[in-house]
Amino acid sequence: MLLAQFMVILDVSVVNVALPSIGRALDFSSGDYQWAISAYVLFSGGLLLFGGRLADLMDRRGVFLTGLAVFTAASLVSGLAASALMLIVSRAAQGAGAAMLTPAALSIIMTTYSGRQRGAALAVWGAIGSTGIAAGVLFGGLLTSFLGWEAVFFINVPIGILVAALTWRLIPAGTNAPAVRRRLDLPGAVALVSGLVLLVYAIEGTHSRGWDSARTWLLLVASVVLLAVFGLVERKTATPLVPPHAWKIRSLISASAVMAGVTGVVVGAIFLSSLYLQRIIGLSAVQTGLAFLPLAAVITGTAAVASKLLGRVSPRTMIAFGLVVMGTGALLLANSGGGESYVADVLPGFLLLGAGVGPMFVAISVAAMSDVPQAESGLASGLMMTGHEVGAALGVAVLTAIGGDLTTRAGLIDAYPRAFEGVLLITGALLVVTLVAVPNRKGSNAGHATPHH
C-alpha cells in the first residue's frame, strides 16, 4: 500500500521537472503546460470522495486493484503520447485511478492493523507525502536527463505490476455490499468534476481571450450551473459524498479553504519555477531537481518544528504567520524576475516560501480537525485532501492566466514576476480569511488527525 501511494505522490511532482522537455517534444501551448498538471490533480481531487465511498461499500482490494490498473495503464499511455491532447487525457485517467487507489489503500491499512501497529503504519503513511514530493523533483530530473521524459511515466508500469502481484498475494479479498450502485452518488461526482474542469478551462483561456469575452463567461456560467447541480444532488440523495452537517463545521470548511489556496500557490509556484529554472537560468533537468530540494527540505524541517509548538501557539496564529512569511518569499521572487542566478534570484524566495508553507500544513490540518468527532475523522481528512488537490489545479490555472505566455523566453521573463505578484495578492486574501473565519484555539483537539501533505 505504501509503495502504491509513493507512486501516486511521486507523480504530482515528477512531471514538473520534465515539463520543458515534454513541451518541446509535443509542441505545447501555454495552456497545455498547465493542463498537464491540472488534469491529474483535478480528477484525483474531484473523484477522491467518490473513490472513498467505493472503498467503503465494495471490496477494498478490488477497488484498489481497479484504481491501480487504471493508473498503470494511463501511465503507459502518457509515456507513449504523441500529442498534447493524448497526454492530457491520459493524465486525467491517471488522476481517476489515483482517486480510487489512495482511499482504498488507506482503508486497507486501517482495517488490517490496530492499536500501536496502526499508529505506526499511519505515521509512515503520512511521511510518504513529504518523501514522495522531494523524491519526485529529483527523480524527474534524473529520469528526464538520462532516459528521456517518457521515463517519468514508464517507471510506473513495473512498479504497478509489482504492487498488483503483492496485493494478490498479501491482501485477502472482501465481499461486495448489496445494492451498492443505489448507494453511490455517481451523478454528484460527475457534476463536481465537470464543473471543476469547466472552471479551470475558463480561467486558462482568459490570458488569450480576456475576462470579458463571451467564451469566458459562458464557460464560467456553465461551471457554476454544474457545481450548483452537485450541491442540489448532494442535498437530495440519501448517501451524499459529504454529509450535510459536515458543511456546517466552521473549522473544517474554513481551514480546508485555506488549504486549497495554499496548495494552489505552492504547486503553481513549483510549476512556473521549473520552467523558469530550465529556460531562463539554463539549468539541466537534473540540476532543476536538485534546485528544488532546499524548498522541500525547509518545508519538512519547519513542519517538524511547528508540530512541537502547537501546544503553545494557536493554529490560527501559526497559519497567519506562515502566510506572512510566504508572502515575503513571493515578493522576493516577484522582484527578481529576469534574474539569471539561482542563488541570488531564486533560492532566497524558495527558502521563505518553504518556511511559510511547512508550519501552515501542520496548523491547517489541526485547525480543520479541531471540531470533528473521532468517528468522522476519515470523512474530514478526505474533504481536506479534496481541497488540497482541487486547489492545486486551480492554483496552476490562475497563476498561468496571470502570467500569460509561457512558450517563449521573453514571455516567461514577463510572466514569472507577474505570477508572483498574483501569489502575493492570494496570500493576502488567505490571511483575511484566516483571521476572520478560522477559530482561534490553543492546543489541539485533533490528535487523531493524520497529516497527508
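Above this text sits the structure in question.
As the structure is a prediction and not an experimental result, all values here were calculated from the model.

### Re the packing of helix H1 (residues 2-26) against helix H12 (residues 250-279)
- In contact at an axis separation of 9 Å, H1 and H12 are set at 45° when each is read in the N-to-C sense. Judged by the inter-axis angle, H1 sits oblique to H12. Relative to H12, H1 is oriented so that their crossing is right-handed. Contacts from Asn16, Val17, Leu19 and Pro20 in H1 reach Ile270, Phe271, Ser274, Leu275 and Gln278 in H12.
- Within the contact of H1 with H12, the residues separate by chemical class into six nonpolar, three polar and no charged.

### Remarks on the packing of aromatic side chains
- Using the criterion set out here, one finds six aromatic pairs in the structure.
- Look at Trp149 and Phe153: their rings are 6.3 Å apart centre to centre, the planes differ by 85°, and that puts the pair in the edge-to-face class. Both residues of the pair, Trp149 and Phe153, count as buried.
- Between Phe292 and Phe350, the aromatic rings sit 5.5 Å apart at their centres with planes inclined by 20°, giving stacked as the arrangement. On the criterion of sequence distance, the pair formed by Phe292 in helix H13 (residues 285-309) and Phe350 in helix H15 (residues 342-369) is long-range, its members being 58 residues apart.
- For Phe350, a relative accessible area of 2% translates into the label buried.
- Ring pairing ties together the aromatic residues Tyr276, Tyr416 and Phe420, which thus form one cluster.

### What to know about unusual backbone geometry
- At Asp27, a residue that is not glycine, the phi angle is positive and equals roughly 55°.
- Mapped onto the fold, Asp27 is located in the loop between H1 and helix H2 (30-46).

### Section: the nonpolar core
- If you look at the biggest cluster of nonpolar residues, it comprises 139 residues, and the most contacted ones within it are Phe64 and Val262.
- Sorting elements by how many residues they give to this core places H12 first, with 15 residues.

### A word on empty space enclosed by the protein
- Within the structure shown, the criterion is met by three cavities of 30 Å³ or more.
- Its boundaries defined by the atoms lining it, the second largest cavity holds a volume of some 50 Å³.
- At the level of elements, H12, H13 and H15 are the ones that each hand at least two residues to the lining of the second largest cavity.
- Top element by residues in the lining of the second largest cavity is H12. It accounts for four residues.

### A short note on the packing of helix H9 (residues 186-204) against helix H11 (residues 214-236)
- Where H9 meets H11, the axes come as close as 8 Å, and the angle between the chain directions of the two elements is 160°. When the interaxial angle is binned, H9 and H11 end up roughly antiparallel. Considering how the two elements wind past one another, H9 and H11 form a crossing that is left-handed. Residues Pro187, Gly188, Ala191, Leu192, Ser194, Gly195, Leu196, Leu198, Leu199, Tyr201 and Ala202 of H9 form the contact with H11, whose own contacting residues are Arg215, Thr216, Leu219, Leu220, Ala222, Ser223, Leu226, Leu227, Val229, Phe230 and Val233.

How each quantity is defined
- Residues take numbers from 1 onward in each chain, read along the sequence in its written order.
- Confidence filtering applies because this is a predicted model: local features only for residues at pLDDT of at least 70, side-chain atom pairs given and counted only at 80 or more, and all residues used for totals across whole chains, interfaces and linings.
- Excluding hydrogens and water, the side-chain values take into account all heavy atoms of the structure.
- Axis lines are fitted through C-alpha atoms, for helices just across the contact stretch, and the angle between N-to-C directions can take any value from 0 to 180 degrees.
- Every helix listed is a DSSP run of H or I at least four residues long, and every strand listed is a run of E at least two residues long, numbered separately from the N terminus.
- Angles below 35 degrees are treated as roughly parallel, those above 145 as roughly antiparallel, those between 65 and 115 as roughly perpendicular, and all remaining angles as oblique.
- In this scheme, a crossing is called left-handed if the near helix is turned counterclockwise away from the far one by less than a right angle; it is called right-handed if the turn is clockwise.
- Contacts are residue-level and defined by heavy atoms, with any inter-residue pair within 4.5 Å sufficient.
- In this classification, the charged set is Asp, Glu, Lys and Arg, the nonpolar set is Ala, Val, Leu, Ile, Met, Phe, Trp, Tyr, Cys and Pro, and all remaining amino acids, among them Gly, are polar.
- Each Phe, Tyr or Trp ring (for Trp, its six-membered ring) is paired with any other whose centre lies within 6.5 Å, and the angle between the two planes then decides the class: stacked below 30 degrees, edge-to-face above 60, tilted in between.
- We call a residue buried when its accessible area falls under 20% of the maximum for its residue type, exposed when it is over 50%, and partly exposed in between, using a 1.4 Å probe and counting protein chains only.
- Buried Ala, Val, Leu, Ile, Met, Phe, Trp, Tyr and Cys residues that are joined via side-chain atoms within 4.5 Å together make up what is termed a nonpolar core.
- Put plainly, a pocket is an open set of points on a 1 Å grid over the protein atoms alone with protein on both sides within 12 Å along at least five of seven lines, a cavity is a set where a 1.4 Å probe fits but cannot get out, and a lining residue has an atom within 4 Å of a point.
- Grid points are joined across faces, edges and corners, and a volume is the space filled by probe spheres set on the points.

Read these as spatial facts, not as claims about activity.
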